[in-house]
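Spelled out, the chains give:
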Number of protein chains: 2
Amino acid sequence: MTGFDQATAVVPLGDGSYHVRLDDNWQIAGKLNGGYILALLGRAVVESAGNDFEHPLAASCHYLRPPEFGAAVIKIEILRVGRSTHQARASLYQHEKLCVEALITTGTLSGEVFWDSVTAPQIPAITDCVLLTTEGPGFTVPLMAVVSERLDPNCLGWAAGKPSGRGLLQGWIEFADGRLVDPLGLLVLVDALPPASFDLGIGGWTPTLELTCHIRAVPAPGPLMVRQQARHVAGGWMDEVCDIWDSTGRLVATGHQLAGIRLPR
Amino acid sequence: MTGFDQATAVVPLGDGSYHVRLDDNWQIAGKLNGGYILALLGRAVVESAGNDFEHPLAASCHYLRPPEFGAAVIKIEILRVGRSTHQARASLYQHEKLCVEALITTGTLSGEVFWDSVTAPQIPAITDCVLLTTEGPGFTVPLMAVVSERLDPNCLGWAAGKPSGRGLLQGWIEFADGRLVDPLGLLVLVDALPPASFDLGIGGWTPTLELTCHIRAVPAPGPLMVRQQARHVAGGWMDEVCDIWDSTGRLVATGHQLAGIRLPR
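Residue positions are counted from 1 within each chain, in the order its sequence is given. Each chain gets a letter, beginning with A, and each ligand a number, beginning with 1, in the order they are written. Where local features are concerned, this predicted model is filtered to residues with pLDDT of at least 70; where side-chain atom pairs are given and counted, the filter is 80 or more; whole-chain, interface and lining totals use all residues. Just so you know, side-chain values use all the structure's heavy atoms and leave hydrogens and water out.

### Some remarks on the overall build of chain A
The helix and strand labels rest on DSSP assignments: H or I over at least four residues marks a helix, E over at least two residues marks a strand, and numbering proceeds from the N terminus. When helices and strands are tallied, chain A shows 4 helices and 16 strands. The globule rule puts the C-alpha radius of gyration for 265 residues at 18 Å, and the 18 Å found for chain A is close to it. Seen through its C-alpha atoms, chain A measures out along the principal axes to roughly 55 × 45 × 35 Å. Relative to its 265 residues, chain A shows a buried fraction of 59%. Across chain A, contacts joining residues at least 24 apart in sequence account for 69% of those joining residues at least 6 apart. Only four residue types enter the tally: Lys and Arg on the positive side, Asp and Glu on the negative side, with His and both chain ends excluded. For charged residues, the charge sits on one atom: NZ in Lys, CZ in Arg, CG in Asp, CD in Glu. With 19 positive and 27 negative side-chain charges, chain A shows a spacing of 6 Å between the two charge centroids. Radius of gyration here uses only the C-alpha atoms, and the compact-globule reference equals 2.2 Å multiplied by the residue count raised to the power 0.38. Burial classes: relative accessible area under 20% of the type maximum marks a residue as buried, over 50% as exposed, and values in between as partly exposed (1.4 Å probe, protein chains only). Whether two residues are in contact is decided by their heavy atoms: any pair within 4.5 Å suffices.

### Focus on the packing of aromatic side chains
Residues and elements named next belong to chain A. Aromatic pairs are defined between Phe, Tyr and Trp rings, using the six-membered ring for Trp, whenever the two ring centres lie within 6.5 Å; interplanar angles under 30 degrees are classed as stacked, those over 60 as edge-to-face, and all others as tilted. The tally for this structure, following the rule as stated, stands at 10 aromatic pairs over all chains. Here W26 and Y36 contribute two aromatic rings whose centre-to-centre distance is 5.6 Å and whose plane-to-plane angle is 15°, an arrangement assigned as stacked. Of this pair, W26 sits in the loop between β2 (17-22) and β3 (27-28) while Y36 is found in helix α2 (residues 34-49), placing the two residues 10 residues apart along the sequence. By the burial criterion, W26 is buried, and Y36 matches it.

### What to know about the relation of the copies chain A and chain B
By a simple turn and slide, chain A fits onto chain B: the slide is 0.0 Å along the axis, the RMSD is 0.0 Å, and the turn is 180°. Seen this way, the second copy is the image of the first under a two-fold rotation axis. Across chain A, the rotation axis passes nearest the C-alpha of A:S60, at a separation of 3.1 Å. A residue counts toward the fit only if its pLDDT is at least 70 in both copies, and the copies are then superposed by least squares on the C-alpha atoms of those residues.

### A look at the pairing of strand β15 (residues 237-245) of chain A
All names here are of chain A. The element β15 is extensively covered by neighbouring structure, given that 9 of its 9 residues are classed as buried. Side chains of β15 alternate between two faces, with W237, D239, V241, D243 and W245 and M238, E240, C242 and I244 buried alike. Only when DSSP finds a minimum of two bridges between them are two strands counted as paired. The sheet contact formed by strand β14 (residues 224-234) and β15 spans 9 bridges and is antiparallel. Bridging from a neighbouring strand, H232 pairs with D239 of β15. As consecutive antiparallel partners, β14 and β15 are separated by 2 residues, and within that stretch G235 has a phi angle of approximately 55°, a positive value. Bridge analysis of β15 against strand β16 (residues 251-260) gives 9 bridges, and the strand direction is antiparallel. Counted as the bridge partner of V241 is H256 from β16. In this antiparallel pair of consecutive strands, β15 and β16, the connection spans 5 residues, and G249 shows a positive phi of 90°.

### Points about unusual backbone geometry
A negative phi angle is the norm for most residues apart from glycine, just as the trans form is the norm for most peptide bonds. In the Ramachandran plot, A:H95 falls in the positive-phi region, its phi being about 50° despite a non-glycine side chain. With respect to the secondary-structure elements, A:H95 resides in the loop between β7 (86-94) and β8 (97-107). For A:H95, a relative accessible area of 63% translates into the label exposed. Unusually for a residue other than glycine, B:D15 sits at a positive phi of about 60°.

### Concerning the interface of chain A and chain B
Counting residues at the interface gives 58 residues for chain A, matched by 58 residues for chain B. With both sides pooled, the region where chain A packs onto chain B buries about 4800 Å², and carbon together with sulfur makes up 58% of that total. Whenever a carboxyl oxygen of Asp or Glu lies within 4 Å of a side-chain nitrogen of Lys or Arg, that contact is scored as a salt bridge. The interface formed by chain A and chain B includes 4 salt bridges. For B:R89, the salt bridge goes to A:E101, with nearest N and O atoms at 2.7 Å. Polar contact is defined as a pair of N or O atoms within 3.5 Å, subject to the rule that within protein one atom must be able to donate a hydrogen and the other to accept it, and that residues adjacent in sequence are counted only when both atoms are side-chain atoms. The tally of links between chain A and chain B comes to 40 residue pairs in polar contact (both at pLDDT 80 or more). Residue classes follow a fixed rule: Ala, Val, Leu, Ile, Met, Phe, Trp, Tyr, Cys and Pro count as nonpolar, while Asp, Glu, Lys and Arg count as charged, and any other residue, Gly among them, counts as polar. Considering only residue class, the side of chain A that touches chain B consists of 26 nonpolar, 19 polar and 13 charged. Looking at chain direction, strand β9 (residues 113-116) of chain A and strand β14 (residues 224-234) of chain B are connected through 3 bridges and run antiparallel. Summed over both partners, the accessible surface that disappears when two parts come together, traced with a 1.4 Å probe, is what is meant by buried area.

### With respect to the pattern of salt bridges
All names here are of chain A. Counted by the stated rule, this structure contains 16 salt bridges over all chains. Across the pair R43 and D5 runs a salt bridge, and its minimum N-O distance is 3.4 Å. Within this pair, whereas R43 is found in helix α2, its partner D5 is found in helix α1 (residues 3-7), the two being separated by 38 residues in sequence. Each member of the pair, R43 together with D5, is buried. Members of the salt-bridge network, linked through shared partners, are D5, R43, R179 and D182.

### Quick word on the environment of A:T105
Its place among the elements puts A:T105 in strand β8. Each C-alpha atom, one on A:T105 and one on A:P56, is 6.0 Å from the other, the two residues being 49 residues apart in sequence. With residues up to four places along the chain from it excluded, the contact list for A:T105 reads A:H55, A:P56, A:L57, A:A58, A:T85, A:H86, A:Q87, B:H62 and B:L209. Within the structure, the side chain of A:T105 is placed 3.0 Å from the side chain of B:H62, a separation counted as a polar contact.

### Digging into α2(A)
Residues and elements named next belong to chain A. Between its terminal C-alpha atoms α2 stretches 22 Å, which fits the 22 Å expected from 16 residues at 1.5 Å a residue. Taking burial as the measure, the 16 residues of α2 include 14 buried ones, the bulk of the element. One side-chain oxygen of the residue at the start of α2 lies 3.1 Å from the amide nitrogen of G35, identifying that residue as N33. Just beyond α2, the residue with positive phi is G50, at close to 90°. An expected span of 1.5 Å times one less than the residue number is assigned to each helix.

### Observations concerning the confidence of the model for chain A
Here chain A shows a mean pLDDT of 96. Residues at 70 or above account for 100%. Two numbers describe this predicted complex: its pTM, 0.97, and its ipTM, 0.97. pLDDT is a residue-level measure of predictor confidence that goes from 0 to 100.

Structure representation (structure tokens):
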């Protein structure tokens, strides 16, 4: 088992409940990554839905309270089983408190691209990009030991106190242990980059309030291209979009989130 | 009471349940508009949350089965009440079947724009735009009698068989009876334009699977600017984003959806 498979293992308890262990590798500064929690919920839904619905298509997640590392329970409520889609509610409980809830539609990804306006960005060769380490600006990021992120050096001015002001981070992303990225893995990777607000000169944590992922294709093997763009920062909230393309240049996932942000005075 | 207030009235039944009447004005070709259903769910959440949480901030909706016009019941489950946000699950039942479920976070909108990359588009003056009627291409659109949409004529080539291929519709939008658009009203308007796929030469209905709205500000009075852009069409699904700006040019809402689409052979 790879790190990701181990960290997202779900053990059926009957009645649509699953035991899970929240793995402290998938954290940033003491808080579990929101995409990791969504991938766990996604795996429980896929397990309960069966082979005809093996891929998450759309997953919408609201974060209520950050769970701690360790044991937790996921409850799945099947809302509808259709011909081509399976729709479920997935709720993560810890110490009998609801921490995270998601609505997840699963199905089977297939089909060609008919039309696309979200074309892959120009990113320097992976060997010319900068590998992020677990040492963040003033805190540790254990997530960087399990997810390998090599960012375009033109997006990293903020690390030297010179943000570009574009609110843009881009680069290459993959699992650090080489595990193939499948649709469940994409649920983590759309929320794994540093906040795009770093490139606006706003440091600090941006806790996700709501994250919706659309998974568009099973990625071809190889490192993935990723671009995270801040759209709008106002009234204590940031709207941020993350797109991921596979090695053939096909869009495979989009994550769109509303996150809390503390503005500089 | 305006048409919108009447159509989204919720009558408390106790225990977090509300009686609603699904109003056949808010339909397209016999199917209720997804944004209208989300606004109904949003109103029930706001009613149950109280004055400190009067605005929807993030609302994520999965559509299971299309409800019919007429009586239905909304059930609200409060998931968490925080200092600044209130989080709830809202479920629409008809004939005891779950039709639509949403996760909705409410709060109070306030604060200035700190940074923005989603600036208002250049749209011809409202008097130079084309008012959409209830006569759609091969079907009727009663929604156009309650929502007034004046589209940029440069986006309407598809109506004459000449789509531009940009997957883009833009123009002006407001309630037809002049009711002020508030945050609940925005939940309808982010899903009220014709599908952007019309501008790709793909006719026909695009049923929403999942719709997430971020409401960013209380709109200033006056007609709103709207832009709907197809992002990606592949494997039977379209990813589509709709942004709305108020008369001062401020972004007030974003809707992002995954919708089913039948591709031409």
